[in-house]
Amino acid sequence: MARFNPFGLPWRRLKKNRCRTCRTDNGKRVCPALSGVLICPACCQAKRAKIPGCDERCRYYMPLIRTSKIHPPPEYPIYKCLISSSKRTGMQSVIVARERPDGNLKAMFLLIDLWKRGIRDCFVDANLPKAHLDRFCEKLGKSYDLADHLPENEVKAEGNLIEMPHNTIVVEAESAMQMDDGVNIIEVDGASDGKAIDSATGARTVHEINIPKAGKWYVWIRAFFPERSKDSYWIGMDDAEPHPWDSAGGPGAIKIYAEQGDSDSKTDSAWGVWYWDSGVKSASFSNAFFDVKKRGKYRLWSKGREPGSILDQILLTMDEKFNPEEATDGATLPVPATVYPFEPIRFAECQALIRYALDMATEIKTEIPWEFEYWRSIVGDLSNVPAMEGSLYKCPKCGEDLPEPAVDLMKEHAQSDDIQFYILCRKCGGEFD
């Protein structure tokens, strides 16, 4: 028996159409950005504003564009800002991620060229799970070779060749992504790059590090303790088991303090000299360590215990026998590259870098990616960020302005993909270079 709908017409079974991207039987929308192929609503939402041609011509996207112009997007809090570790080619990647109310991220990935063109490329993911951020960063780093690699893990410490063990991390104390009130960056002779930190009691600095392997990570600090009443620090790691744990320092804390004989200096004193200290020693283990259960990103922190104790570097290594005090005679260690190609950067510094790249791109008429223009709210208001002083083209070694003939040459060929520049100022390159 024939069945009829309320209008008196016979019912017809609707024909299902396949989505041309995910191949599900839910193809309902014609996508002008994909040459008119049929896609499902889920794919439409996933690709929206991420592919060229997805604009006001689309009947599904046009109302959202109009709404966003009337009601500007909310300013989500900053979750993380990252910058690629390599500076060899002038090409760097900057990442600004904001945390949405649902816990996911709204992230912009910018590829900038401060030697030549300014902003080169931009990609935005408006709904990125936090767990996918690290994975995407590692993939991006491999694609553009954004990590500085040292051959066979050999580094130089004050002119001496030091063979660093595999799975070793060195952190500069003053390069923290977060500092409490009471932490002061000070300039002091003997410190790495001439800078270290002095922390008030309970004041913390937080570093974000990538642990490539689970297991025991032995901790050392390079410090300067002026006297017995100013000779200790707490070092901690979230989500790792400290051995030995000092409960007074909070969860994950290890107390490292000076004892007579710790230093390899001529005076054999632990006070008034720079040296590497490994924390409490006991019959059960040679020096303090963190037991890390799985590889991934961790928050390493230092906390002031006695004001006046000066902290320069923190070292983590899986090699229990490696002793940086003996290897360097108390000297600083360069920060070796890790498999993770990005390092934290403060939001204000990130904005200054983006403003610099944008000004360079505008001056030489580089086409600004449409994704950057559309999602510009992610990087905040750049109009209040001070412009770069002097010339936009700097010496890659010292950062001084390049001479005008060199700048004119670089501007003339900035848009040519066949010409690459590495031009130094007279001071760095020599009078006739």
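The notes below deal with the structure included here.

Rules used throughout
Residues numbered from 1 in each chain as written. Predicted model: local features only at pLDDT ≥ 70, side-chain atom pairs only at ≥ 80, totals over all residues. Heavy atoms only, no water. Helix = DSSP H or I, 4+ residues; strand = E, 2+ residues; numbered from the N terminus. Buried < 20%, exposed > 50% of the residue type's maximum accessible area, 1.4 Å probe, protein only. Polar contact = N/O pair within 3.5 Å; in protein donor to acceptor, adjacent residues only side chain to side chain. Expected span 1.5 Å × (residues − 1). Contact = heavy atoms within 4.5 Å. Pairing = 2+ DSSP bridges. Salt bridge = Lys/Arg side-chain N within 4 Å of Asp/Glu carboxyl O.

For the rest of this paragraph, the subject is the side chain of S84. Secondary-structure assignment places S84 in strand β3 (residues 78-84). On the accessibility criterion, S84 (0% relative accessible area) is buried. From its side chain, S84 meets the backbone nitrogen of S93 in a polar contact 2.9 Å long.

Quick look at helix α5 (residues 347-363) now. Given 3.6 residues per helical turn, the α-helix brings residues three or four places apart onto the same face. Taking 1.5 Å of rise per residue, the 17 residues of α5 would be expected to cover 24 Å, and the 24 Å separating its terminal C-alpha atoms lies within 8% of that figure. Those residues of α5 not exposed but buried are C350, Q351, L353, I354, R355, Y356, A357, L358, M360 and A361. Contacts made by the buried residues of α5 are with β3, β4 (91-99), β5 (105-113), β6 (118-128) and α6 (370-374). Remark: K365 follows α5 within two positions and exhibits a positive phi of approximately 65°.

Before going further, it helps to examine the side chain of E208. For E208, the position within the fold is in strand β13 (residues 204-211). A polar atom in the side chain of E208 sits 3.2 Å from the side chain of K297. Look past the residues within four positions of E208 in its chain and what remains in contact with it is K80, L82, M177, K297, Y298 and P344.

Ordered by their spatial adjacency, 5 strands build an open sheet running β10-β13-β20-β15-β17, and the pairing between neighbours is antiparallel. In the strand order of this sheet, the two ends are held by β10 (178-179) and β17 (253-257), each with one partner. Pairing analysis gives 5 bridges linking strand β15 (residues 232-237) to β17, with the strands arranged antiparallel. Opposite G236, over in β17, you have A253 as the bridge partner.

Under the counting rule described, the total for this entry stands at 14 salt bridges. Residues R120 and D113 are paired through a salt bridge, measuring 3.2 Å at the closest nitrogen-oxygen approach. For R120, a relative accessible area of 26% corresponds to the partly exposed category. Residues joined in a network through salt bridges with shared partners are K80, E208 and K297.

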